[in-house]
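Secondary and tertiary structure notes
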Amino acid sequence: MDSFDLIVIGGGHAGVEAASAGARMGVKTLLISHKKDTIGQMSCNPAIGGIGKSHLAKEVDALGGLMAKATDLSAIHYRVLNATKGQAVRATRAQTDRQLYREAIQDLLKAEENLTILEDSVEDIVVESGTIKAVITSNTGEVKAKKVVLTTGTFLGGIMHTGLEQKPGGRIGDPPSNILAQKLRAMPFRVGRLKTGTPPRLDGETIDWSKLSEQPGDTPTPLMSYTGNKEDHQKQINCHITRTNTETHKIIRDSLDKSPLYSGVIEGVGPRYCPSIEDKVVRYAERSSHQIFVEPEGLNTNEIYPNGISTSLPPEAQLKMIRSITGFEETNITKQGYAIEYDFFDPRDLRHSLETKHIQGLYFAGQINGTTGYEEAAAQGLMAGINAALKIQNKKEWTPGRHEAYVGVLIDDLVTLGTKEPYRMFTSRAEYRLILREDNADMRLTKKGRELGLVDDKLWHKHLDKEKQSKDELRALKTRKIKPESKEAKTLELDTGETVAATKTHHELLKRPAIKYHNLPEHNETLTKNIIDEIEAEIKYAGYVERQKTEITRLQKNENTKIPKTLDYENVIGLSNEVRQKLMSAKPESLARASRLPGITPAAISLLMVHIKKERKLAG
């Protein structure tokens, strides 16, 4: 087979974004997946977005990625979470049709001119003098590449657990990558085991829907992608809610001796923020019930995803547990829930470009780095694809800073701090979340995406149009005024309770928390909700944003102070042995990254700064 500039291994959410990014940037790209028809498969819940996660999905979209586009082509239920709170913590979540999402991803990939897809299994990588040279597949043999992105998900050494029964597998119906796992374990990477899980799938025809609480989607229906069209929306359907109960919890407690989680069979650490129902019952013993979101898998299937009861109990206990729940009394299980344990590699062995420190030209993205979630995987895949392509083109690598994107927060957290449990994104992880909102990801990143060759003409022109409309309206708000005792002032007071005691511009009035854009007279009816959200946020958060920008300027001074690779920490006077060991282990690239390491005090940073300045003077 021909050689390629870039080879991407794995067709999950990280792999498809990495391959698409490389192809869009003009490098000859090969995507290798063990099954072509499972590329873009949603292994767990068919949903995109949520708190912190929609921010990542929209950042991927702002850089021309696939996830949000495929969501708008396949979503069957949208909700905006935290809708009554400020824009910084609002998050869009979409339940998708599992089959339609996969088909949308595959169609988007087929449109990429520089992309070839190979159905095969990678068994080894060829490394010469510390540099990646090729991959070896079971059927095709050796395929040469300049760069390789590895996105293996849960397939490396994957073991699936249901009760005390164990089966090798990357997910149900798919074999693990054991040979490749063994090869990677022999390399100088720090390796560990993590676990995740999934709930049983239910037959919707056997559920008593009359006993469940209905949860309709939002009207008007939102969009996930900045280029999305409401005309592309699928039929929208309701989700439902039910709860576990004391009988459910008793069944679970009585079955814990047969649970791989509590019998010592599983060694890997599970996700703290998405625990199994066994974990919930044990950890929160005082609670008499836990909420279950009853979510459809698609428009043309009766299969239901009961979100909130991930389990690896034996089959008989799963059925007993299910039938103890209101509305599920006669429900049948179509697929058993299971836990899966897999290899991950310590992300502290990566550079911020996601290139490994030990093997030049090899990049890791997704669950191999210890993360959990489709959106986290997609964001890493995109960045690995971007940086591999830039390196191929002999250009400077790029990773957004913590102040520029949630993608930057995600990568900096992983590479600087590592993780001992599956990492997921939250808005609380970002110090500058007033600036990093889901409504303005395109304003933050699309221009950079265009410079990198990621953003096509359609997205670029739509971005320019939105930018112009937003600026024009902000200018207009500063010229329109409301006078006291005027008809407009009285209407505003009736609608919002806010009085106009002196002549005010619309811009000044919109600073008040109770006043929304649509409350203003002469507001522009043609503006999209996305533009309105951005205008409101810019005006209402103005003071806080300026304060954060001052903090960012301070941060960048430290970010720009690079720590020389040759620096000998033994020579830095005043550092404690503990701090010295942490710095020697992490090898941070700048003072800012050093400051985010656990246990590194401001005093230690000051000592480092003084030492670096002295070294520079001596060198000069």
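Residues numbered from 1 in each chain as written. Predicted model: local features only at pLDDT ≥ 70, side-chain atom pairs only at ≥ 80, totals over all residues. Heavy atoms only, no water.

**Some remarks on the environment of Leu 434**
You can see Leu 434 is positioned in the loop between helix 10 (406-417) and helix 11 (441-452). Accessibility expressed as a relative area gives 18% for Leu 434, which makes it buried. For Leu 434, the contacting residues outside a window of four places in its chain are Ala 88, Tyr 541, Tyr 544, Val 545 and Gln 548. (Helix = DSSP H or I, 4+ residues; strand = E, 2+ residues; numbered from the N terminus. Buried < 20%, exposed > 50% of the residue type's maximum accessible area, 1.4 Å probe, protein only. Contact = heavy atoms within 4.5 Å.)

**Digging into the environment of Gly 65**
With respect to the helices, strands and loops of the structure, Gly 65 is situated in the loop between helix 2 (53-62) and helix 3 (67-74). Measuring from C-alpha to C-alpha, the distance between Gly 65 and Ser 225 comes to 9.6 Å, with 160 residues separating the pair along the chain. Look past the residues within four positions of Gly 65 in its chain and what remains in contact with it is Glu 17, Arg 24 and Val 60.

**Some details on the sheet that holds strand 4 (residues 75-81)**
The strand order across the open sheet built from 3 strands is 3-5-4, with neighbouring strands paired in antiparallel fashion. Both outer strands of the open sheet, strand 3 (47-49) and strand 4, are each paired with one neighbouring strand and no more. Across the sheet, the mean angle from the axis of one strand to that of its neighbour is 15 degrees, orientation sign disregarded. As paired strands, strand 4 and strand 5 (residues 91-96) are joined by 6 bridges and run antiparallel to one another. Of the residues in strand 5, the one forming a bridge with Ala 75 is Thr 96. Sheet strands touched by helix 3: strand 3, strand 4 and strand 5. Its angle to strand 4, the strand with the most contacts, is close to 115 degrees. (Pairing = 2+ DSSP bridges. Axes fitted to C-alpha atoms, helices over the stretch in contact; angles between N-to-C directions.)

**Points about the pairing of strand 9 (residues 141-150)**
Along strand 9, 7 of the 10 residues are buried, which leaves the element largely enclosed by surrounding structure. The pairing of strand 8 (residues 131-137) with strand 9 spans 4 bridges and is antiparallel. Looking across to strand 9, one finds that Thr 137 is bridged to Gly 141. Hairpin remark: strand 8 followed by strand 9, antiparallel, with 3 residues in the connecting loop. Sheet analysis places strand 9 next to strand 20 (residues 362-364), joined by 3 bridges and oriented parallel. What sits directly across from Leu 150, in strand 20, is Phe 364.

**Digging into the domain arrangement of the protein**
The domain architecture assigned to the protein consists of domain 1 (4-196 + 342-452), domain 2 (201-340), domain 3 (457-544) and domain 4 (561-619). For domain 2 and domain 3, the distance between their C-alpha centroids amounts to 42 Å. In this assembly, 4 residues from domain 2 lie in contact with 5 residues from domain 3. Around 360 Å² of area is buried between domain 2 and domain 3 when both sides are counted, 57% of it from carbon and sulfur atoms. One can count 0 salt bridges joining domain 2 with domain 3. Remark: the boundary between domain 2 and domain 3 carries 0 residue pairs in polar contact (both at pLDDT 80 or more). Its residues placed into classes, the side of domain 2 that touches domain 3 shows 1 nonpolar, 3 polar and no charged. (Domains from an automatic or database assignment. Buried area = accessible area lost by both parts, 1.4 Å probe. Salt bridge = Lys/Arg side-chain N within 4 Å of Asp/Glu carboxyl O. Polar contact = N/O pair within 3.5 Å; in protein donor to acceptor, adjacent residues only side chain to side chain. Nonpolar A, V, L, I, M, F, W, Y, C, P; charged D, E, K, R; others polar.)

**A few points about the state of the cysteines**
One pass over the structure, following the stated rule, counts 0 disulfides. Not engaged in a disulfide, the cysteine Cys 239 finds its nearest cysteine sulfur in Cys 44; these two sulfurs lie 15 Å apart. Note on Cys 239: relative accessible area 1%, which makes it buried. (Disulfide = S-S within 2.5 Å.)

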